[in-house]
Amino acid sequence: MSSQTVSESAAPARVAAERKITMVEALAQTLDWALATDPDVFLLGEDIIDPAGGAFGITKGLSTRYGRDRVRETPISEQAIIGASIGAAMLGAKPIAEIMIADFYAVCLDQVANHAAKLRYMSGGRTTVPMVVRGMLSGGLNFAAQHSQSVESWMIHTPGLKVAMPSTPADAKGILTAAIEDPDPVIIFEPVGLYGVPGLVPDGEHRVPLGKAAVVREGSDVTVVTYGSQVPVALGAAEQLAGDGISVEVVDLRWLVPWDEATVLESVRKTTRAVIAHQAVKRGGFGAELAAVLQEKLWGTLRAPVLRVAAANTPVPFATELERTHFPTQDGLVAAIRQSTSS
């Protein structure tokens, strides 16, 4: 049979081209794409114009390329940033706001939780708020107690918000793209410690579907459910334990609201054990919600209690030695996995 007569179904599947770039580059690439393709998109935040391009250089070059009407520097006021974003979104624009450090949500939480999150409901569906807010998580970088917290639970507990946290450059691009196209407010937490870690990212448009987790390592003995900065920690623990014959499956949630309950349940149903890991403090953390759902829905399947590995219930210390004792570690996760699989 000549090559001209081979059916499309028999032809090799096309693989999207990929490039190895950092999370910073992936985010910058996506913001550039959004500004270029959608005139309703604009950026706002502190120090985001050139020459700085934001605290971490993510928006560098964009104000020069698109002008200061599309890339707007704001006062040092999170209330101004979020208030302006809500108003613009209600009028049909698609603002992408930057909160330099996620801890600063504390000073604009009323606007996020009582306005952006509630307007669709309180208007009977007539008013949408298509805004994206990017906030940086700086834990583990010696930024001290007011600049190092993981505050995702504040947002997860608020109905009306969608919440995501990428762990790879590809997911950062895919989540941000999906968030920009969503009609509701989306909060994206970006782990600064992963900003410089390179990874393969598809060229062109790329989306991580709303509420879709990823099984980033398959295993059979125990499932680690995690997200953000703890994903590489979990993968390291899984690799370490493989040498001892313990097979660890790692699920990266990626989206926290809505979260991929089906994928998590399928994984834990297979392994019959679960350990949940996150960088936020354990008390009131998202891990408690995940553990409760697993206990409720897989009670007869679980062969061991669902365990949580998380930060200590203290403010984040500034001193390096103390900070290391505050945040969860690979050794701590390995110990929890051993405890789970010994049952």
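In the block above lies the structure referred to throughout.
Residues numbered from 1 in each chain as written. Predicted model: local features only at pLDDT ≥ 70, side-chain atom pairs only at ≥ 80, totals over all residues. Heavy atoms only, no water.

## Here's the deal with the sheet that holds strand β10 (residues 222-226)
For sheets, the rule is that strands pair by backbone hydrogen bonds, running either parallel or antiparallel.
Piece 1. If you trace the five strands from one edge of the open sheet to the other, you get β9-β11-β10-β13-β14, paired in mixed fashion. With partners counted over all chains shown, the strands left at the sheet margins are β9 (214-217) and β14 (307-311), one partner each. Going across the sheet, the axis of each strand differs from the next one's by a mean of 25 degrees, ignoring polarity.
Piece 2. Bridging between β9 and strand β11 (residues 248-252) involves three bridges; their strand directions are antiparallel. Across the sheet, valine 215 pairs through a bridge with valine 251, a residue of β11. (Pairing = 2+ DSSP bridges. Helix = DSSP H or I, 4+ residues; strand = E, 2+ residues; numbered from the N terminus. Axes fitted to C-alpha atoms, helices over the stretch in contact; angles between N-to-C directions.)

## What to know about the packing of aromatic side chains
Piece 1. Counting across every chain of the model gives four aromatic pairs.
Piece 2. Taking the centre distance of 5.9 Å and the plane angle of 65 degrees together, the rings of tyrosine 105 and phenylalanine 189 count as edge-to-face. With tyrosine 105 in the loop between β4 (94-99) and α4 (109-116) and phenylalanine 189 in strand β7 (residues 186-191), this residue pair connects regions lying 84 residues apart in the sequence.
Piece 3. Note on phenylalanine 189: relative accessible area 0%, which makes it buried.
Piece 4. Each residue in the set Tyr227, Trp259 and Phe286 is aromatic and connected to the rest through ring pairs, giving one cluster. (Phe/Tyr/Trp six-rings, centres within 6.5 Å; stacked < 30°, edge-to-face > 60°. Buried < 20%, exposed > 50% of the residue type's maximum accessible area, 1.4 Å probe, protein only.)

## A short note on the side chain of threonine 226
Piece 1. By secondary structure assignment, the location of threonine 226 is in strand β10.
Piece 2. Among the polar contacts listed, one links the side chain of threonine 226 to the backbone oxygen of alanine 277, at a separation of 2.8 Å.
Piece 3. Among all residues touching threonine 226, those that are not within four sequence positions of it are Val231, Ala234, Val250, Val251, Asp252, Leu253 and Ala277. (Polar contact = N/O pair within 3.5 Å; in protein donor to acceptor, adjacent residues only side chain to side chain. Contact = heavy atoms within 4.5 Å.)

## A look at the packing of helix α8 (residues 230-242) against helix α12 (residues 330-341)
Piece 1. Orientation of α8 relative to α12, taken along the N-to-C sense of each, is 55 degrees, at an axis distance of 9 Å. By the angle class used here, α8 and α12 are oblique. At the point where α8 passes α12, the crossing takes the right-handed sense. Here Val233, Ala234, Gly236, Ala237, Gln240 and Leu241 of α8 come into contact with α12, specifically with Gln330, Leu333, Val334, Ile337 and Arg338.
Piece 2. When the residues that make up the contact of α8 with α12 are grouped by side-chain class, the tally is seven nonpolar, three polar and one charged. (Parallel < 35°, antiparallel > 145°, perpendicular 65-115°, else oblique. Left-handed = near helix turned anticlockwise from the far one by under 90°. Nonpolar A, V, L, I, M, F, W, Y, C, P; charged D, E, K, R; others polar.)

## Quick notes on the side chain of threonine 22
Piece 1. Locating threonine 22 in the fold gives a position in the loop between β1 (18-21) and α1 (23-37).
Piece 2. The class for threonine 22 is buried, based on a relative accessible area of 18%.
Piece 3. In contact with threonine 22, not counting residues within four places along its chain, are Pro169, Tyr195, Gly196, Val197 and Pro198.

## Description of the environment of valine 133
Piece 1. Within the secondary structure, valine 133 sits in strand β5 (residues 132-137).
Piece 2. On the basis of relative accessibility, which here comes to 1%, the residue valine 133 falls in the buried class.
Piece 3. For the pair valine 133 and valine 151, spaced 18 residues apart in sequence, the C-alpha to C-alpha distance is 14 Å.
Piece 4. Sequence-distant contacts of valine 133, that is, excluding residues within four places in its chain, are made with Ile82, Ala97, Ile99, Tyr105, Val186, Ile187 and Ile188.

## Description of the pattern of salt bridges
Two side chains of opposite charge can pair, provided their charged atoms sit close to one another.
Piece 1. Summed over all chains, the structure comprises 17 salt bridges.
Piece 2. In this structure, the salt-bridge partner of arginine 19 is aspartate 203, at a minimum N-O distance of 3.2 Å. Within this pair, whereas arginine 19 is found in strand β1, its partner aspartate 203 is found in the loop between β8 (199-202) and β9, the two being separated by 184 residues in sequence.
Piece 3. The exposure class of arginine 19 is partly exposed, given its relative accessible area of 44%. (Salt bridge = Lys/Arg side-chain N within 4 Å of Asp/Glu carboxyl O.)

## What to know about the packing of α1 against helix α7 (residues 169-180)
Piece 1. Across the interface, α1 lies against α7 with an axial gap of 8 Å and an inter-helix angle of 25 degrees. In terms of their interaxial angle, α1 and α7 are classed as roughly parallel. Crossing of α1 against α7: the hand is right-handed. The residues of α7 that touch α1, namely those facing Met23, Ala26, Leu27, Gln29, Thr30, Leu31, Trp33 and Ala34, are Pro169, Ala172, Lys173, Leu176, Thr177 and Ile180.
Piece 2. Looking at the contact of α1 with α7 residue by residue, the class counts come to ten nonpolar, three polar and one charged.

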